[in-house]
Amino acid sequence: MKTLAGLSSTASESSITPTSTSTPTSQRLMAHRNRVAVGAQRTHLDQGVHQPDTRAGFWRPLGTPHVSAFPGRERPPAAYPHSDWQAWSRQPSDAIHPVRESSYTWKGARMLEREGFTEQQQALLPKDPEPGPSGDPNCKVDIAFLMDGSWSIGRRRFRIQKDFLAKVAETIDVGASGPLMGIIQYGDNPEIEFDLMAYTSSRDLSAAIENISQMGGASNVGKALSYLNGHFFTDAGGNRGRAPNVAVVLLDGWPTDKLEEASRLARESGINVFFVTIEGPAEDEKENVLEANFMDEAVCRTNGFFSMPIFSWFDLGAAVQPLARRLCDTDQLVCSKTCLNSNDIAFIIDGSSSVGTGNFRTVLQFVANVTREFEISDTDTRVGAVQYTYEQRLEFSFRQHSTKPELLAAIQGISYWSGGTSTGAAIAYAAERLFSQSKPSKRKIMIVITDGRSYDDVRAPALAIQRQGVIAYSIGIAWAVQEELEYIASEPDMEHSFFVDDFDNLHKLVTKIISNICQEFNQQPRN
């Protein structure tokens with residue numbers, strides 16, 4: 001029997017003994033994990049601070065009771081009779097079970113799991129997820145809300161306004177990869193509550209909105225818009241440059257100052273101004289309004305897209321979704337396009353023998369100085385160049401250089417050609433090789449630079465290119481013919497043609513050219 005028992009014992013032991021002396025990596029990982037957990041439990045118990053909760057592998061302070069089956073409440077300790085349960089349950093949890101401070105730093109299960117393994121073994125362990133970008137990438141706009149803090153709004157309506165702002169922030173999904181949002185409160189004077197950089201999540205932004213206090217005063221919207229122009233959309237304030245700038249004015253009733261001039265400057269600065277007017281003036285109240293059509297004067301465009309009249313403050317919540325959709329419809333934010341960031345500009349440069357090498361370098365410096373004033377990128381202003389004599393040469397196209405440093409280097413790198421002067425053929429060449437590749441959304445601008453009479457006709461090609469929507473400027477130097485300059489230039493030709501008697505005076509025309517381009521742009525209809 002003893003032998004049989006021994007055999008039985010031996011067989012039993014052999015049935016659980018691994019057949020190989022080596023242990024698989026997965027078993028080693030599991031054994032190490034168990035040792036770490038036991039060691040951590042022992043350390044906590046030795047310190048008298050924490051004990052293991054064996055139900056789900058969690059830790060809880062020593063002496064803290066298990067969580068009750070009733071959601072949100074713990075089981076009462078034995079010291080509390082059942083009849084005292086209600087009194088006990090009303091006490092705050094930290095008053096019932098104060099947690100002792102621990103000097104032990106909990107590393108986290110995954111960090112403990114990795115201790116003692118090679119890099120190859122650690123690669124088999126689960127990795128902590130990388131935090132993803134926040135914000136809706138399909139709504140990348142920089143938004144300033146101008147909230148009404150005047151006394152006319154009252155405290156209850158001010159509360160409604162704050163709730164509305166928090167809901168908009170949540171709906172558009174504020175974040176670094178999507179929309180950013182700041183707030184200016186206005187009354188007698190404007191004040192930035194927080195800028196675009198302050199909060200990059202809807203949750204944090206909503207908490208900040210909750211803490212805004214009403215300032216009181218009048219409803220000086222014009223002063224607020226003027227302040228916005230100079231102080232809000234700045235690099236230091238978080239303005240991202242490529243993201244459209246949007247200002248949403250919330251207004252109770254009507255403004256107490258004029259805002260036409262401030263609104264015009266905002267539009268010319270590329271700010272898309274929206275107006276949300278709540279409980280606007282009734283017919284018998286309009287005599288109290290300084291500017292009868294203040295909303296049309298202020299908004300980016302008068303087509304209805306940028307205006308939201310709300311009948312009552314209690315209807316404001318229904319405007320959250322419509323406003324959010326408009327703010328994120330970047331194709332409609334047309335005021336982001338300015339005279340400096342929405343052009344395709346072609347320089348047609350005279351490289352004839354009469355110019356000479358030194359003067360040609362002066363011409364290139366003039367071209368560079370004009371170019372430097374624009375915002376250059378593949379989505380902003382683009383520049384192309386043609387040099388001509390009897391023949392024509394495409395120096396670079398609109399799509400070739402998409403950064404300002406690269407473009408300026410390309411201009412300085414143009415080599416002087418020398419030859420005759422066929423200005424008309426150069427204009428036709430530019431129409432075919434440059435403006436045929438222009439984007440429909442761009443304003444097409446041609447700047448022809450010449451120092452003498454053309455050997456061919458300029459009138460027909462100039463008229464043809466202007467019919468294609470190209471705005472033509474002509475710049476004559478020294479022996480250029482005034483009549484030809486006027487033929488080349490768009491109407492009114494006196495505003496589009498310029499003359500200097502010497503190459504060294506070209507620099508004086510830079511400001512005039514830029515001013516004319518911007519003035520013409522800003523005079524476009526707003527409907």
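Residues numbered from 1 in each chain as written. Predicted model: local features only at pLDDT ≥ 70, side-chain atom pairs only at ≥ 80, totals over all residues. Heavy atoms only, no water.

Caption draft 1: A look at the overall build of the chain. Across its full length, the chain holds 19 helices and 14 strands. Counting the 527 residues in the chain, one finds 45% classified as buried. Partitioning the contacts of the chain with sequence separation of at least 6, the portion at a separation of at least 24 is 76%. (Helix = DSSP H or I, 4+ residues; strand = E, 2+ residues; numbered from the N terminus. Buried < 20%, exposed > 50% of the residue type's maximum accessible area, 1.4 Å probe, protein only. Contact = heavy atoms within 4.5 Å.)

Caption draft 2: Spatial organisation of the confidence of the model for the chain. When pLDDT is averaged along the chain, the result is 82; 74% of the residues meet or exceed 70. Counting contacts from residues 28-114, a segment whose pLDDT is below 50, to residues more than four positions away or on other chains yields 99 contacts. (pLDDT = per-residue confidence, 0-100.)

Caption draft 3: Summary view of the sheet that holds strand β3 (residues 142-148). Across the sheet, six strands lie side by side as β5-β4-β3-β6-β7-β8; this open sheet has mixed pairing. The open sheet has two edge strands, β5 (190-194) and β8 (307-310), and neither has a second partner. Neighbour-to-neighbour, the strand axes of this sheet turn through a mean angle of 20 degrees, independent of strand direction. Pairing of strand β7 (residues 271-278) with β8 involves four bridges; the strand directions are parallel. Bridging from a neighbouring strand, Phe 275 pairs with Ser 307 of β8. Helix-sheet contacts for helix α9 (residues 221-231) involve β3, β4 (180-186), β5, β6 (245-252) and β7, and the interaxial angle to β5 is about 55 degrees. (Pairing = 2+ DSSP bridges. Axes fitted to C-alpha atoms, helices over the stretch in contact; angles between N-to-C directions.)

Caption draft 4: Focus on the nonpolar core. Counting 67 residues, the largest nonpolar core has Phe 145, Leu 146, Leu 228, Phe 275 and Leu 323 as its most contacted members. At seven residues, the largest contribution of residues to this core is made by helix α7 (residues 154-172). Ignoring anything within four residues of it in the chain, the contact list for Phe 275 reads Val 221, Val 249, Leu 251, Leu 259, Phe 294, Met 295, Ala 298, Val 299, Phe 306, Ser 307 and Met 308. One finds Phe 360, Ala 385, Ile 477 and Ile 517 within the second-largest nonpolar core, a separate group that totals 40 residues. (Core = buried A, V, L, I, M, F, W, Y, C linked by side-chain atoms within 4.5 Å.)

Caption draft 5: Molecular detail of the pattern of salt bridges. Enumeration according to the criterion identifies nine salt bridges in this entry. For Glu 261, the salt bridge is made with Arg 264, and the minimal N-O distance between the two is 2.5 Å. Pair noted here: Glu 261 and Arg 264 are both in helix α10 (residues 260-268), with a separation of three residues, about one helical turn. On the accessibility criterion, Arg 264 (31% relative accessible area) is partly exposed. Of the charged contacts, one joins Arg 393 and Glu 395 as a salt bridge, the two residues approaching to 2.9 Å between their closest N and O atoms. The partly exposed category is assigned to Arg 393, whose relative accessible area is 26%. Taking relative accessible area as the criterion, Glu 395 reaches 19% and is therefore assigned buried. (Salt bridge = Lys/Arg side-chain N within 4 Å of Asp/Glu carboxyl O.)

Caption draft 6: Structural detail: helix α8 (residues 202-210). Among all positions of α8, only Ser 202, Leu 205, Ala 208 and Ile 209 are buried. Down the axis, α8 shows its buried residues gathered within 125 degrees of arc, on one side only. (Arc of directions from axis to C-beta.)

Caption draft 7: Region of the structure containing unusual backbone geometry. For the peptide bond that leads from Glu 491 to Pro 492, omega is -10 degrees, which places it in the cis range. With respect to the secondary-structure elements, Pro 492 resides in the loop between α17 (482-488) and α18 (493-496). The residue Asp 173 is not glycine, and still its phi comes out positive at about 65 degrees.

Caption draft 8: Examining the packing of α7 against helix α12 (residues 320-328) more closely. Two elements in contact, α7 and α12, have axes whose closest approach is 10 Å; the angle formed by their N-to-C orientations is 50 degrees. Considering their axes alone, α7 and α12 lie oblique with respect to each other. By crossing handedness, the relation of α7 to α12 is classed as right-handed. Contacts from Phe 164, Lys 167, Val 168, Thr 171 and Ile 172 in α7 reach Val 320, Gln 321, Leu 323, Ala 324, Leu 327 and Cys 328 in α12. Taken together, the residues of the contact of α7 with α12 sort by class into eight nonpolar, two polar and one charged. (Parallel < 35°, antiparallel > 145°, perpendicular 65-115°, else oblique. Left-handed = near helix turned anticlockwise from the far one by under 90°. Nonpolar A, V, L, I, M, F, W, Y, C, P; charged D, E, K, R; others polar.)

Caption draft 9: Representation of the state of the cysteines. With the rule as written, the count across this model stands at three disulfides. Across a sulfur-sulfur distance of 2.0 Å, Cys 139 and Cys 328 are joined as a disulfide pair. Its S-S torsion of approximately -75 degrees makes the covalent link between Cys 139 and Cys 328 left-handed. Of this pair, Cys 139 sits in the loop between α6 (119-122) and β3 while Cys 328 sits in helix α12, and the two are 189 residues apart along the sequence. Bridging Cys 339 to Cys 518, the disulfide has an S-S length of 2.0 Å. Around the S-S axis, the bridge from Cys 339 to Cys 518 shows a dihedral of about 75 degrees and counts as right-handed. Taken together, the residues span a long stretch of sequence, with Cys 339 in the loop between α12 and β9 (343-350) and Cys 518 in helix α19 (residues 510-522) at a distance of 179 residues. This pair shows no difference in class: Cys 339 is buried, exactly as Cys 518 is. With its disulfide-bonded cysteines labelled consecutively along the sequence, the chain is connected as 1-3, 2-4, 5-6. (Disulfide = S-S within 2.5 Å.)

Caption draft 10: Expanded view of the side chain of Asp 148. Within the secondary structure layout, Asp 148 lies in strand β3. For the buried Asp 148, no salt bridge exists, and the shortest N-O distance to an oppositely charged side chain is 9.1 Å, to Arg 157. A distance of 2.7 Å separates polar atoms of two side chains, one belonging to Asp 148 and the other to Ser 150. Once you skip the residues sitting within four places of it in the chain, Asp 148 turns out to touch Ile 153, Phe 158, Gln 161, Tyr 186, Ser 219, Leu 250, Leu 251 and Asp 252. (Lys, Arg positive; Asp, Glu negative; His and termini not counted. Polar contact = N/O pair within 3.5 Å; in protein donor to acceptor, adjacent residues only side chain to side chain.)

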